[in-house]
Amino acid sequence: MDLRDKHIVLGLTGGVACYKAAELCRGLLKEGATVQVVMTEAACRFITPVTMQALSGRPVFTSQWDDREANNMPHINLAREADMILLAPCSADFIARLAQGRADELLSLMCLARPAARVPLLLAPAMNREMWSHPATQRNLQQVVADGATVLGVGHGDQACGETGDGRMLEPDEILQDVIAALQAPSLRGRHVLVTAGPTYEAIDPVRGITNLSSGKMGYAVARAAREAGARVTLVSGPVSLPAPRGVARISVRSAREMHQATLAEAPAADVFIATAAVADWRVANAAQQKIKKDGSGAAPALQFEENPDILADVARSDRARSGALLCVGFAAESEDLLANAQAKRLRKGVPLLVGNLGPATFGQDDNALLLVSEQGVEELARDSKLALARRLVARCASMLDGGRIHAG
Ligand code: C5P
């Protein structure tokens, strides 16, 4: 429930994508928000206020002359109650109206009257590709961004008009993720965060390999949380079945050596490196080019192993990490004696912050419990969702960056 206690004013303007606003409304409610729907006259042509009232559980506002409000000022009251105004779908015409500061119908009037310092305004545009790329629309978008609105971007694909291109409204789930992100503290704005996640896969032959039980969920949650906090995020991921978090640049790799190469290439541009990946310590030195066959003798193939590079230790050894320009964070998945193992691992890896967790209790789960071990001491984060824990870890990284306390010591 990432939107508990949040009151969202959901504004609908005229466009076929209004049908997706019904699903979006349900998604906002599911995350714990209360939703007040406001619709323009054009929006009411595409979906009825009845549907939106039934879904949101509140009467819909469509007119600035609505005398249900005691002071007859719905534009003031609605904007003051809101934690956010979300326009989805936001038409080309409505973007033009916002750019001009028009106030001749309720929704634009309310946007103009919003207390801008406290209530963010998010737009999910929806229109034909030619309308989207038209200089007038792009000019208007620049203006509304300059005036303090956040534009969520558009999707690419088939459009209701039969054409294909940019301009579709984002899917309800994508908008939901952006809404949740917009309400998090921007503690890593302007920072670049590099994350490794998932297992590695070490080939034995073209059809077999050695891997481990990491689902990648913790690392993906860390990448998402860093993105929510405003960072540019690069995620170097081993083979997992998770979609890349929204707005995160994912580099997919398979073996430890590929992960090592990709990570070391990205590290020089990063401010924070968080190593959550469960990297195989060993790879098969004599991996076969073709599938190894049973020869009927009962003899097992003789596999030889070679040690993989330690990605975290290599990054932590770099000049930037040593000088404090790059904050390195390691993870330790232990099966016992978490505190002692985590403390020892922090010193061995030479990192300022080491996050301990109990492997068998977290593999594949959606929740976890963490121990943050640093020079300053130990902080226990009690069992919670991986995303909630990741947000706390990200906040900790932000405060270490801000406080300059990022030496391995
Ligand atoms: O040594 P151990 O594997 O227990 O250390 C765990 C930490 O080191 C994790 O942060 C993991 O991502 C990182 N690691 C690494 N490269 C390796 C082994 C571990 O980056 N080859």
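Attention here is on the structure that accompanies the text.

With respect to the site of the ligand
Right, so step 1: By nearness alone, every residue bordering the ligand is listed as A275, T276, A277, V279, P309, D310, I311, L312, G330, F331, K345 and K349.
Right, so step 2: At a separation of 2.6 Å, an oxygen atom of the ligand approaches a polar backbone atom of A277.
Right, so step 3: K349 is positioned with one of its side-chain polar atoms (N or O) 3.0 Å from an oxygen atom of the ligand.
Right, so step 4: Put simply, the parts of the chain that give the shell around the ligand at least two residues each are α12 (311–316), β16 (327–334) and α14 (338–349).
Right, so step 5: Classifying every residue of the shell around the ligand gives seven nonpolar, two polar and three charged.

Description of the nonpolar core
Right, so step 1: Counting residues in hydrophobic clusters, the biggest one holds 35 residues, and the most contacted among them are L188, V193, I274 and L393.
Right, so step 2: Of all elements in the fold, only β8 (192–197), α10 (217–228), β11 (232–237), β13 (272–275), β16, β17 (353–358), β18 (367–374) and α16 (386–403) reach the threshold of two or more residues within this core.
Right, so step 3: Considering each element in turn, this core owes the most residues, nine residues, to α16.
Right, so step 4: When near neighbours in sequence (up to four residues on either side) are disregarded, L393 contacts V222, I274, V329, F331, L353, V355 and L372.
Right, so step 5: By size, the runner-up hydrophobic cluster in this structure holds 32 residues, among which are L10, C25, V179 and I180.

A closer look at the environment of T40
Right, so step 1: Tracing the sequence through the fold places T40 in the loop between β2 (34–39) and α2 (43–46).
Right, so step 2: Residue class for T40 comes out buried when judged on its relative accessible area of 8%.
Right, so step 3: Through-space distance from the C-alpha of T40 to that of F94 is 9.4 Å; in sequence the pair is 54 residues apart.
Right, so step 4: If we ignore the near neighbours within four places in the chain, the residues touching T40 are L12, T13, G14, F94, E105 and L107.

Remarks on helix α1 (residues 18–30)
Right, so step 1: Look at α1: 19 Å from first C-alpha to last across 13 residues, which is about the 18 Å you get at 1.5 Å a residue.
Right, so step 2: Buried within α1 we find C18, K20, A21, A22, L24, C25, G27 and L28.

Things to note about the sheet that holds strand β4 (residues 121–125)
Right, so step 1: With respect to topology, five strands assemble into an open sheet ordered β2-β1-β3-β4-β5, the strand pairing being parallel. Only two strands of the sheet have a single neighbouring strand rather than two, namely β2 and β5 (150–151).
Right, so step 2: Bridge analysis of β4 against β5 gives two bridges, and the strand direction is parallel. Considered in β5, the bridge of L123 is made with V151.
Right, so step 3: Across the face of the sheet, helix α3 (residues 49–56) comes into contact with β1 (7–12) and β2 while running at roughly 170° to β2.
Right, so step 4: Contacts from helix α6 (residues 106–113) reach β1, β2, β3 (84–90) and β4 within the one sheet, and its direction differs from that of β3 by about 145°.

Section: the packing of α1 against α3
Think of two packed helices as two axes; the pair is described by the angle between the axes and how far apart they sit.
Right, so step 1: It is the contact of α1 with α3, at a shortest axis distance of 9 Å, that shows an interaxial angle of 15°. Viewed along their axes, α1 and α3 adopt a mutual orientation that is roughly parallel. For the pair α1 and α3, the crossing hand works out as right-handed. Between α1 and α3, the residues in contact are A21, A22, C25, R26 and L29 and M52, L55 and S56, respectively.
Right, so step 2: A breakdown of the residues in the contact of α1 with α3 according to their chemical character gives six nonpolar, one polar and one charged.

Structural notes on the pattern of salt bridges
Right, so step 1: Under the definition given, this model contains 22 salt bridges.
Right, so step 2: Note that R102 is salt-bridged to D104, the shortest N-O span being 3.1 Å.
Right, so step 3: For D104, a relative accessible area of 41% gives the class partly exposed.
Right, so step 4: The partner of E174 in a salt bridge is R246, with the nearest N and O atoms 3.8 Å apart. Of this pair, E174 sits in helix α9 (residues 172–182) while R246 sits in the loop between β11 and β12 (249–252), placing them 72 residues apart in sequence.
Right, so step 5: In this structure E174 comes out as partly exposed when scored by relative accessible area, which is 28%.

Each value, and the rule that gives it
Residues numbered from 1 in each chain as written. Predicted model: local features only at pLDDT ≥ 70, side-chain atom pairs only at ≥ 80, totals over all residues. Heavy atoms only, no water. Near = heavy atom within 4 Å. Polar contact = N/O pair within 3.5 Å; in protein donor to acceptor, adjacent residues only side chain to side chain. Helix = DSSP H or I, 4+ residues; strand = E, 2+ residues; numbered from the N terminus. Nonpolar A, V, L, I, M, F, W, Y, C, P; charged D, E, K, R; others polar. Core = buried A, V, L, I, M, F, W, Y, C linked by side-chain atoms within 4.5 Å. Buried < 20%, exposed > 50% of the residue type's maximum accessible area, 1.4 Å probe, protein only. Contact = heavy atoms within 4.5 Å. Expected span 1.5 Å × (residues − 1). Pairing = 2+ DSSP bridges. Axes fitted to C-alpha atoms, helices over the stretch in contact; angles between N-to-C directions. Parallel < 35°, antiparallel > 145°, perpendicular 65-115°, else oblique. Left-handed = near helix turned anticlockwise from the far one by under 90°. Salt bridge = Lys/Arg side-chain N within 4 Å of Asp/Glu carboxyl O.

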